[in-house]
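# Analysis of the macromolecular model
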Amino acid sequence: GQNIDQPTEMTATEGAIVQINCTYQTSGFNGLFWYQQHAGEAPTFLSYNVLDGLEEKGRFSSFLSRSKGYSYLLLKELQMKDSASYLCAVRGAVDSSYKLIFGSGTRLLVRP
Amino acid sequence: DGGITQSPKYLFRKEGQNVTLSCEQNLNHDAMYWYRQDPGQGLRLIYYSQIVNDFQKGDIAEGYSVSREKKESFPLTVTSAQKNPTAFYLCASSPGQGVDEQFFGPGTRLTVL
C-alpha cells in the first residue's frame, strides 16, 4: 500500500529552527516534494529531492534517505509568515504515471 | 503573467445539481490534474490528463467527470452521484509527466447545501 506519515501539528518560536519529518512507504519512488500551503490558498513548491542527502535553499533545507523512506524539511530563522501547513508528497513509479501521493500535511504555528 | 486560474473562488450549489469547476493555464503545460482537499487531510487525486484529448482516473474519480479538449483547459464536473462533494478543489499543471513540479491554481471551495 501507499502511506505517507507526517506529524499533524507543530509549534515553534519566531527565530528558532524547526524540523518537520516525513516517512513514506510507496510502491516505487521517483522523488519527494515539499509544498507550503497557507490556509485557504494553493500549495506552493518548496523543494524536491530524488537523491539521498541535503538540499539547501535559503532558510529552507530538505533531506532524503531513500533506504529509510525518510525525509525532513528544516526551516531556519523562523518568521511569523512561516505559519502554514507543510505537505510532503512522493512521486510514484512510471507504471503509476508518476502520480504524486500526498501526506496529510503538518500544520506549523510560529509564535512570537 | 503565466499561471493557473480557477474560478470562482467560492461556489454554492444545491444538492442534486451538477456543477462544473473551471481550470485554465497559460503555461503551455502538457499535464493537468484535479485534487480534492478536505479539512486536515492531504490532497487526493481525482483525475489527471497528460495530453489533450486524453485523461485518466485518479484515486477518487467516482462522481466526477472531466474533459481535455484544449491544452489550456481542464474543467471538472462534480455530478449528483458524488456523495460528499463539499470540499476545496485544486487544479494543477506540470510541463510533462516526468520529474517536473506541479504548479497549483488558487482553488475553488465548493459548498453543497
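Owing to the predicted nature of the structure, the values given are computational and were not obtained by experimental measurement.

### Structural notes on the sheet that holds strand E8 (residues 76-78) of chain B
Residues and elements named next belong to chain B. Pairing in this open sheet of four strands is antiparallel, and the strands run E1-E3-E8-E7 from one edge to the other. One side of each edge strand has no neighbouring strand; the edge strands of this open sheet are strand E1 (4-7) and strand E7 (64-66). The average undirected angle you get between the axes of adjacent strands in this sheet is 20°. Direction of pairing for E7 relative to E8: antiparallel, over a ladder of three bridges. The residue bridging tyrosine 64 from the neighbouring strand is valine 78, located in E8.

### Considering the interface of chain A and chain B
In this assembly, 19 residues from chain A lie in contact with 23 residues from chain B. Here chain A and chain B share an interface that buries about 1,600 Å² over both sides, 53% of which is from carbon and sulfur atoms. Our count for the contact surface shared by chain A and chain B stands at one salt bridge. Put simply, lysine 99 of chain A and aspartate 59 of chain B hold a salt bridge, and the shortest N to O gap is 3.9 Å. Counting the contacts that link chain A with chain B gives three residue pairs in polar contact (both at pLDDT 80 or more). Secondary structure elements with two or more residues in the side of chain A that touches chain B: strand E4 (32-37), strand E5 (44-49), strand E9 (84-91) and strand E10 (100-102) of chain A. The biggest single contributor to the side of chain A that touches chain B is E4 of chain A, with three residues. Partitioned by chemical class, the residues of the side of chain A that touches chain B number 10 nonpolar, six polar and three charged.

### Observations regarding unusual backbone geometry
The general pattern is negative phi for most residues beyond glycine and trans for most peptide bonds. Of note, the amide linkage connecting serine 7 of chain B to proline 8 of chain B takes the cis form, showing an omega dihedral of -5°. On the secondary structure map, proline 8 of chain B appears in the loop between E1 and strand E2 (10-13). Positive phi is not limited to glycine here, since glutamate 77 of chain A has a value of about 45°. Looking at the element boundaries, glutamate 77 of chain A is found in the loop between strand E8 (70-75) and E9. Even without being glycine, asparagine 53 of chain B reaches a positive phi, approximately 65°. Mapped onto the secondary structure, asparagine 53 of chain B falls in the loop between strand E5 (43-51) and strand E6 (54-57). Look at asparagine 53 of chain B and you get exposed, because its relative accessible area is 63%.

### Structural notes on the state of the cysteines
Under the definition given, this model contains two disulfides over all chains. With its sulfur 2.0 Å from that of its partner, cysteine 22 of chain A forms a disulfide with cysteine 88 of chain A. Between cysteine 22 of chain A and cysteine 88 of chain A, the S-S dihedral sits near -70°, and the bridge is therefore left-handed. Residue cysteine 22 of chain A is located in strand E3 (residues 18-25), and its partner cysteine 88 of chain A is located in strand E9; the two are separated by 66 residues in the primary sequence. Here cysteine 23 of chain B connects covalently by a disulfide to cysteine 91 of chain B, the sulfurs 1.9 Å from one another. Across the S-S bond linking cysteine 23 of chain B and cysteine 91 of chain B, the dihedral sits near -75°, which makes this disulfide left-handed. One end of the pair, cysteine 23 of chain B, is in strand E3 (residues 19-25); the other, cysteine 91 of chain B, is in strand E9 (residues 87-94), and 68 residues separate them in sequence. Judged by its relative accessible area of 0%, cysteine 23 of chain B is buried. Residue classification places cysteine 91 of chain B among the buried positions, given a relative accessible area of 0%.

About the cut-offs
- Residues numbered from 1 in each chain as written.
- Chains lettered and ligands numbered in written order.
- Predicted model: local features only at pLDDT ≥ 70, side-chain atom pairs only at ≥ 80, totals over all residues.
- Heavy atoms only, no water.
- Pairing = 2+ DSSP bridges.
- Helix = DSSP H or I, 4+ residues; strand = E, 2+ residues; numbered from the N terminus.
- Axes fitted to C-alpha atoms, helices over the stretch in contact; angles between N-to-C directions.
- Contact = heavy atoms within 4.5 Å.
- Buried area = accessible area lost by both parts, 1.4 Å probe.
- Salt bridge = Lys/Arg side-chain N within 4 Å of Asp/Glu carboxyl O.
- Polar contact = N/O pair within 3.5 Å; in protein donor to acceptor, adjacent residues only side chain to side chain.
- Nonpolar A, V, L, I, M, F, W, Y, C, P; charged D, E, K, R; others polar.
- Buried < 20%, exposed > 50% of the residue type's maximum accessible area, 1.4 Å probe, protein only.
- Disulfide = S-S within 2.5 Å.

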